[in-house]
Amino acid sequence: MRTNVKRVLLSLHCGCKVNQYETNAMKQDFIKNGYEIVEFNNIAKIYIVNTCTVTNISDKKSRQILRRTKEKNKESILVVTGCYAQVAKQELEKIEEIDIILGNNEKNEILKHVEGYLQKKQKEKIITDIMCQKEFLDFGNTTYTEKTRAVIKIQDGCDRFCSYCIIPYARGRVRSRKIENIIEEIKNIVKIGIKEVVITGIHVASYGKDFQNGTTLIKLLEEINKIDGLKRIRLSSIEPTIITQQFINRLIKLEKICDHFHLSLQSGCNETLKRMNRKYTKEEFEEAVNLLKKAYPEVSLTTDIIVGFPKETKEEFEETYKFLQKINFYKMHIFKYSPKKGTKAAEMECQIDEKTKEERSQQLIQLSKKNQEEYNKKYIGKQLEVLLEETQGGYIKGHTTNYILVCAETKMNMQNKIVKIKIQDLKEDKLIGTII
């Protein structure tokens, strides 16, 4: 192993696409300054852990990683940053192995802090008040790519303050990225052959809210749609309240928008939604769904659902179940409610027992599997346009615009090509076909 500290660095990400994007940005900053990035299992001189704090489980996982990491090299430097670092400074100070603790505001200057430590050998803890941050901290053109698609961060922060969620306290208020910077980054990744971009952020629907010039998410999407060479624009999770007839009228004119939408529901019961401090009713959510289904005939809709939220009665759960049957999502991500310290929901009475949460979770998981299978079956015998991503075991796989996973046999290297595939079979959650 080369021991020169300028040559060895390990960076680990945990959590959402925003964290992954920022981890990649930090990696690129170190690479530009002569450092070498190595995989997590290797011995390194500098370890950086970019933490998540969305659940207590993610907090626990972060602590375990931090305590184990320095066992690989006792002389190494251990840096922790991210959302858990932002909201749990006192907990992290108890972990003696940590040398540097940085909040989310300090991520874009992490190299400066690491090199400062190398000179002084003095432990450092810098976590500024995220709520005071007014402007988007831009990492520049450091795109995070996933196989044949690129993730583009367009905003940070959230003003919704759902009763179960700690993220507004970890990420601060809404700050939007300048349109010209987003467009420049996407143009650069198109030049290297990337055909699809995923638009992401902490609360994407709030994009432009902090600007004074009337900029909105739909205006941004219209500008992205003009970029030559870009084939697909995929939205990450968006708030259902943004889906209005006016929004749809402009969206359907953008031929590059993918017909897959992740609308985070959380519950199909109005009483539960009210306790969650969600800003819509199930009727308003259904109206948004109907607008999308009318505009996009082959649309696939995915969502997040929390089961066992405080005070969720059997009747409330059954109401949610019936609503989910009615909406008929392509896929649902089911989460058992876990009290998160620092949130209002954690202090609520009538917390639900684990057995009940598990039973309700399994019911919804089975419903999701049934929906997905029925949706996929309708494509057998049809031709689908697929962006091919990677080869495994003689098969190449990729996704349609509505995010259906498709596999086909091939001996050729066809990665990053858009092809038509004739669907012949369904195995588990994958459609199997032949390239035409």
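Draft legend 1. The overall build of the protein chain, seen in detail. Scanning the protein chain from N- to C-terminus turns up 13 helices and 19 strands. In summary, the protein chain has a C-alpha radius of gyration of 23 Å against a globular reference of 22 Å for 436 residues, a match within 12%. Considering only C-alpha atoms, the protein chain reaches an extent of 65 × 60 × 50 Å along its principal axes. Of all 436 residues assigned to the protein chain, the portion counted as buried reaches 54%. Across the protein chain, the fraction of contacts at a sequence separation of at least 24, relative to all contacts at a separation of at least 6, is 74%. For the protein chain, the computed accessible surface area is about 20500 Å², with 47% contributed by carbon and sulfur atoms. With 76 positive and 60 negative side-chain charges, the protein chain shows a separation of 2 Å between the mean positions of the two kinds.

Draft legend 2. Molecular detail of the sheet that holds strand S17 (residues 405-409). Here five strands make up a closed barrel; going around it, the order is S15-S16-S17-S19-S18 and the pairing mixed. Taken over all neighbouring pairs, the strand axes of this sheet differ in orientation by 50 degrees on average, direction set aside. Sheet topology note: the S17/strand S19 (residues 430-435) ladder contains three bridges and is parallel. Its bridge partner lying in S19, Ala-408 is registered against Gly-433.

Draft legend 3. Up close: the sheet that holds strand S13 (residues 300-307). Spatially, the three strands line up as an open sheet ordered S12-S13-S14, and their pairing is parallel. Strand pairing shows two members of the sheet lacking a second neighbour, strand S12 (260-262) and strand S14 (331-336), which therefore form its edges. For this sheet, the mean angle separating the axes of adjacent strands, direction not counted, is 15 degrees. In terms of strand pairing, S13 meets S14 through six bridges, oriented parallel. Residue Thr-302 lies in a different strand from S14, and its bridge partner there is Lys-331. Strands S13 and S14 of the sheet are contacted by helix H13 (residues 354-377), whose axis makes an angle of about 170 degrees with S14.

Draft legend 4. A look at the packing of helix H7 (residues 179-191) against helix H8 (residues 217-225). One can describe the packing of H7 onto H8 by two numbers: an axis separation of 10 Å at closest approach and a directional angle of 35 degrees. Crossing of H7 against H8: the hand is right-handed. On H8, the residues that touch Ile-179, Ile-182, Ile-183 and Ile-186 of H7 are Lys-219, Leu-220, Glu-223 and Ile-224. Looking at side-chain class alone, the contact of H7 with H8 contains six nonpolar, no polar and two charged residues.

Draft legend 5. Expanded view of the environment of Tyr-21. Turning to its location among the elements, Tyr-21 is positioned in helix H1 (residues 17-32). On the basis of relative accessibility, which here comes to 1%, the residue Tyr-21 falls in the buried class. Each C-alpha atom of the pair Tyr-21 and Ser-338 lies 26 Å from the other, and the pair is 317 residues apart in sequence.

Draft legend 6. Just the state of the cysteines, in detail. In total, this model carries zero disulfides according to the counting rule given. Looking at the unpaired Cys-132, the closest cysteine sulfur is the one in Cys-83, lying at 17 Å. When its relative accessible area of 52% is taken as the criterion, Cys-132 is described as exposed. Here Cys-350 is not cross-linked by a disulfide; its sulfur's nearest cysteine counterpart is in Cys-269, at 15 Å.

What counts as what
Residues numbered from 1 in each chain as written. Predicted model: local features only at pLDDT ≥ 70, side-chain atom pairs only at ≥ 80, totals over all residues. Heavy atoms only, no water. Helix = DSSP H or I, 4+ residues; strand = E, 2+ residues; numbered from the N terminus. Rg over C-alpha atoms; globule rule 2.2 N^0.38 Å. Buried < 20%, exposed > 50% of the residue type's maximum accessible area, 1.4 Å probe, protein only. Contact = heavy atoms within 4.5 Å. Areas by Shrake-Rupley, 256 points an atom, 1.4 Å probe, with all protein chains shown as cover. Lys, Arg positive; Asp, Glu negative; His and termini not counted. Charge placed at Lys NZ, Arg CZ, Asp CG, Glu CD. Pairing = 2+ DSSP bridges. Axes fitted to C-alpha atoms, helices over the stretch in contact; angles between N-to-C directions. Left-handed = near helix turned anticlockwise from the far one by under 90°. Nonpolar A, V, L, I, M, F, W, Y, C, P; charged D, E, K, R; others polar. Disulfide = S-S within 2.5 Å.

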